[in-house]
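Read off the chains here:
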Amino acid sequence: MRMQGFGAFQWVVILFSVCACQGASLTINNLKCEYDPNPLGIDTPQPRLSWMMESKIRGQRQTAFQILAATSPDILADGRGDCWDSGKVQSDESIDIVYAGKPLSTGQQVWWRARVWDATGHPSNFSEPAWFEMGLLSTNDWQGRWIERNSTQPILPTQAFADHPAPLFRKEFTLAKKIARARAYVSGLGYYELHVNGHRIGDHVLDPGWTTYSKRVFYATYDVTDELRRGGNAVGIMVGNGWFNPLPLAMWGRILPGEALITGQPRAIFQLAVTFTDGTTETVETDETWRAADGPVVRNSVYLGEVYDARLEQPGWDKPGFDDSAWENAVVATTPNLGPLEAQKEPPIRITRALKPIKLTEPKPGVYIFDFGQNFAGWARLRVKGSRGTRVRLRSGELLYPDGALNGMTSVAGQIKNGGKGYRYDGVGKPKTAFQIDEYVLKGEGEEVFTPHFTFHGFRYVEVTGFPGKPSLASLEGLRLNADVQPVGSFECSNELLNRIQKMVRWTELANLFSVQSDCPHREKFGYGGDLVASSEMAMFNFDMERFYAKVAQDFADAARTNGAFTETAPFVGISDQDLGGGHSAINLGENAGPVDFGTVEPLLLWQLYQYYGDRRLMEKQYEATKRWIALLRAKAVDNLFDNGISDHESLAGKPRALTGTAFYYYNVELFGRIAAALGKNSDASDAKELAGKIKAAFNRRFLRPGTGRYEDATQACEAFPLYMGLAPAEEEGRALEVLVQNIMGTNDGHLTTGIFGTKYMLNALSDLGRGDVAYRIVSERSYPGWGYMLENGATTLWEHWAFSDDTYSHDHPMFGSVSEWFYKALGGIKAAPDAVGFDKIIIAPEPVGDLKWAKASYNSVRGRIISDWTLEANRFNLHVCIPVGASATVFLPTRSEEQMKESGGEIGNAHGVHFLRMEKGKAVLAVSSGEYRFSSLIPPPPG
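Residues numbered from 1 in each chain as written. Predicted model: local features only at pLDDT ≥ 70, side-chain atom pairs only at ≥ 80, totals over all residues. Heavy atoms only, no water.

Participant: Hey, could you run me through the layout of surface pockets in this one?
Facilitator: Space left empty within the atom packing is revealed by a probe, the size of a water molecule, rolled over the atoms. Roughly 1100 Å³ of volume is contained in the second largest pocket. Taken together, 45 residues line the second largest pocket, and the ones lying closest to its centre are I155, H164, N241, N245 and Q265. Of all the secondary-structure elements, those providing two or more residues to the lining of the second largest pocket are α3 (257-260), β20 (297-301), β21 (305-309) and β31 (436-441). Examining the composition of the lining of the second largest pocket, we find that 4 residues originate from one element, β20, more than from any other. (1 Å grid on protein atoms, 1.4 Å probe; cavity = no way out; pocket = protein on both sides within 12 Å on 5 of 7 lines; lining within 4 Å. Points joined across faces, edges and corners; volume = space filled by probe spheres on them. Helix = DSSP H or I, 4+ residues; strand = E, 2+ residues; numbered from the N terminus.)

Written as structure tokens, this is what we have:
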């Protein structure tokens, strides 16, 4: 058979036709409800559904879909949907599909599946079934009430650091019939653990997620069908302090988070819904009939740690038949006023990795240092044998002193260090130095295992004292904790230093995901808006952050002040630098807020959640809060300038507050304009565009030296802000870039001087404007300052400060992690187009800069896997690209000319799914549809 005369395009057309005759060329997988596979206990009345599609054919797309939803899998298997049959819906959308079937009820389980029609109009097979289950949909569905210990007197501040055991609550009940289904709905403040019939339920830890408790409190839903039995049963709940009952630790000697938070005594709420095989139901809920007593956790603090006295354990307390006659009845908690209970949607905190220590030393007799080889956040699990009453202490930290002793100073809570003197803290009374310390008191019954319950630490090293005998490496195990966000991105390249930086960034981010994205997992643990502004895209390229960041965005809306200002942290803990809220005291629950740069987090996250995940509903929900924020900024501005903010935090070259404050003002208005336009709020979008233009003009009048490209003092940050944010006029952009490059390569010999914002903006601006080589030089430096310098000095997670610190600055801060975002966007070349919705429009623009020979980047977007994998061999550039169904891409391919490109060995002009658009700055610009591609091109040799 002669094949001459047939190009790639013709053969693809034939293949497409064959597939069409045999059935649809699309397959559907990864079904999700509310961005979660098979969620149990959601309380969204009209949940959103999504799926991914795969095809071996380029340019394949969805033209229509059908969803079936049913009350049982059998009905669904019959091809019917008694809850919802959408029919054939003409649409190419596969995310954010709003359920439009029969109204859903509390506890209802729904099975669903979908099919789609491809580009030729042929239907796919139906997907494998998925399901979701509703939680308690209204406050009226809650029969359980908040219960607590019967406390007759409040705890005085002078008594706060004494033993105050975490309470235990229990309830016995009888189920007289055969059980078909059982669901437990539960929450506890600050943290809780649920037990049924002697078993701990679920694998969540440090539940519920931290929120502004006056606005909302999370609850979890568990399937406990297999844990219950006909006859006698028992439920037990242990409750810790968490953020609901913090100790009066004066952070930095002046801020007491407990004065800004909604606080109270530990409490629990529970409701068990049992359905029997005969269709009848029974409910067990928290009320005054529950019994309460002290538990073995005699002290617990999110900062100072936990003391567990195993001698106080009450075996069988969570089983039926336990003698609780010495216990007392619980009481219904009436104060403070808590917000409504809400199903927890964000990923729960779990144990996500176990670490073995790599080294054990004894710098002093009886003082043992375990080195885990990696800084992380979580717990140290102790295994020990010894006499009853033996007290073993675990003190955690990030560093060692030169003599091998533990240096815990960088992880001390709130810089509580007794003025630099008296570092000793023996765990009794108010700490002179607020170290991270856990203690375990042995009961003396063979091997005992201690794992903390209601605290968490950031550490690499653990100092063990009081250990009976001599420990071994097996005596301690590290348990990494973090919100269980799933990894979605990968980056690797031929520069091993960059690979080590990438690993360091990922460990740092995970160490700071504890229902808020914290600044550090030990010293502060707060959810700062500014840190998120600097690092959110880094996080989204590496992990699935949709549900986590949706929660964070709502946290900031919940904490907003009455004048529309957003707080510096959310939940608000009393920190209000450069206050825009109007408060006049050090801490004012109603008014104190934060600066413009930190408040930027709210509109920024809303836009990023829309751009990366297609989350429109959250923008709609928070639109008025965003609009009030913009109105506040406009009212506070003077002549369209904004002299406010912390500026380029941790900068090494000064902080131009008015310049950065005005730039952030512009950025907020511009973001709001995008949000308004996306929601069809055309008048607001037009007003925002006009205002942004005025701010831009005022910015350049005030800070630009015309004709020079120099802004203010012409530091790296001064140039990076206008270049990244689009504030530089077209005629000045090139000059400003030259000024920036000269500052980096000349004045600072290839080093940065930027802080958390300027670093992100500078790296991206350099690459966007064609000087990725300069950005690469910065990132590749091993001398101070930079990421390489951190690694050269033993870092395994990112430092808070560019310089090494052994006393003050944290060694586990994600805010400089924006370099990983740059890896994906610039070196890997994957980024969302400016007008992308749920990553439906992709830019692939890899940069073969410096001495790089290859780079591999992938990102599992909400629509499917994106790959950009390139190699450089002599002057030939090879690029492997995958674009998921439901998306298209613009590919920028380095080449000498259009004629010197190929795709899968053939001419570009014959490549199906590829359309040549133009040549631009040494790159061919190609429009590419979904599918897999292998490009190659000849590129000019490097200069010299």
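Participant: Teacher, can you tell me more about the sheet that holds strand β14 (residues 199-200) here?
Facilitator: Two strands in a sheet stick together by hydrogen bonds in their backbones, pointing the same way (parallel) or opposite ways (antiparallel). As summarised here, the arrangement of the 6 strands in space is β14-β13-β16-β11-β19-β22, forming an open sheet in which the pairing is antiparallel. In this open sheet, the two strands that pair with only one neighbour each are β14 and β22 (328-329). Note that strand β19 (residues 291-294) and β22 share 2 bridges and pair antiparallel. What sits directly across from A292, in β22, is E328. (Pairing = 2+ DSSP bridges.)

Participant: Sorry, what's going on with the environment of A326 here?
Facilitator: Mapping A326 onto the fold places it in the loop between β21 and β22. As a C-alpha pair, A326 and N592 span 266 residues in sequence and 47 Å in three-dimensional space.

Participant: When you look at helix α14 (residues 730-747) in this model, what are you seeing that I'm missing?
Facilitator: Compared with the 26 Å implied by 1.5 Å per residue over 18 residues, the 25 Å span of α14 between its first and last C-alpha is a close match. Three or more residues of α14 are buried, namely E732, A736, L737, V739, L740, V741, N743 and I744. Contacts made by the buried residues of α14 are with β36 (704-705), β37 (710-711), α13 (716-725), α15 (756-768) and α16 (772-780). After α14 finishes, the residue D749 shows a positive phi value of roughly 50 degrees. (Expected span 1.5 Å × (residues − 1). Buried < 20%, exposed > 50% of the residue type's maximum accessible area, 1.4 Å probe, protein only. Contact = heavy atoms within 4.5 Å.)

Participant: Is there a simple way to explain the packing of aromatic side chains in this structure?
Facilitator: Working definition: an aromatic ring pair is given by the centre-to-centre distance plus the angle between the planes. One pass over the structure, following the stated rule, counts 50 aromatic pairs. A centroid spacing of 5.9 Å and a plane angle of 70 degrees characterise the contact between F548 and Y549, whose relative ring orientation is edge-to-face. Summarising the burial analysis for this pair, F548 and Y549 share the class buried. Considering the side-chain rings of F699 and F703, the 5.1 Å spacing of their centres and the 55 degrees angle between planes classify their relative orientation as tilted. On the criterion of helical spacing, the pair formed by F699 and F703 is a turn pair, its members being 4 residues apart in helix α12 (residues 682-703). Side by side, F699 and F703 carry an identical accessibility label, which is buried. Within the aromatic cluster, the residues linked to one another by ring pairs are W210, W243, Y303, F526, Y528, F598, F664, F721, Y724, F757 and Y761. If you follow R480 out to its NZ or CZ, it ends over the ring of W507, 4.8 Å from the centre. Just above the ring of Y623 sits the side chain of K681; from NZ or CZ to the centre is 5.2 Å. (Phe/Tyr/Trp six-rings, centres within 6.5 Å; stacked < 30°, edge-to-face > 60°. Lys NZ or Arg CZ within 6 Å of the ring centre and 35° of its normal.)

Participant: Would you mind showing me how to read the state of the cysteines here?
Facilitator: Covalent bonding between the sulfur atoms of two cysteines is what defines a disulfide. Evaluation of the coordinates by the stated rule reveals 0 disulfides. Not engaged in a disulfide, the cysteine C33 finds its nearest cysteine sulfur in C83; these two sulfurs lie 12 Å apart. Its relative accessible area of 1% is what places C33 among the buried residues. (Disulfide = S-S within 2.5 Å.)

Participant: Would you mind going over the confidence of the model for the protein with me for this structure?
Facilitator: Parts of the model with low pLDDT should not have their predicted coordinates read in detail. Looking at the protein as a whole, the pLDDT averages 94, with 95% of positions reaching at least 70. Within the model, the stretch residues 1-23 combines pLDDT values under 50 with 17 contacts to residues more than four positions away or in other chains. (pLDDT = per-residue confidence, 0-100.)

Participant: Any chance you could explain empty space enclosed by the protein here in plain terms?
Facilitator: Summed over the entire model, instances satisfying the criterion amount to 4 cavities of 30 Å³ or more. The space that makes up the largest cavity amounts to roughly 80 Å³. Forming the walls of the largest cavity are N241, G242, N245, P246, L247, L249, P257, G258, N300, S301, V302 and Y303. When the residues that make up the lining of the largest cavity are grouped by side-chain class, the tally is 6 nonpolar, 6 polar and no charged. The calculated volume of the second largest cavity comes to roughly 40 Å³. Taken together, Y192, E193, L194, R200, I201, H204, D207 and Y222 form the lining of the second largest cavity. Looking at the lining of the second largest cavity residue by residue, the class counts come to 4 nonpolar, 1 polar and 3 charged. (Nonpolar A, V, L, I, M, F, W, Y, C, P; charged D, E, K, R; others polar.)

Participant: Can you walk me through the packing of helix α11 (residues 657-678) against α13 in this structure?
Facilitator: Any two packed helices are characterised by how steeply their axes cross, that is the angle between the axes, and by the distance between the axes. α13 packs onto α11 with a crossing angle of 10 degrees between their chain directions and a minimal axis gap of 10 Å. As far as their axial angle goes, α13 and α11 are roughly parallel. Across from L659, T660, A663, F664, Y666 and Y667 in α11, the residues of α13 making contact are C718, F721, Y724 and M725. In the contact of α11 with α13, the residues fall into 9 nonpolar, 1 polar and no charged. (Axes fitted to C-alpha atoms, helices over the stretch in contact; angles between N-to-C directions. Parallel < 35°, antiparallel > 145°, perpendicular 65-115°, else oblique.)

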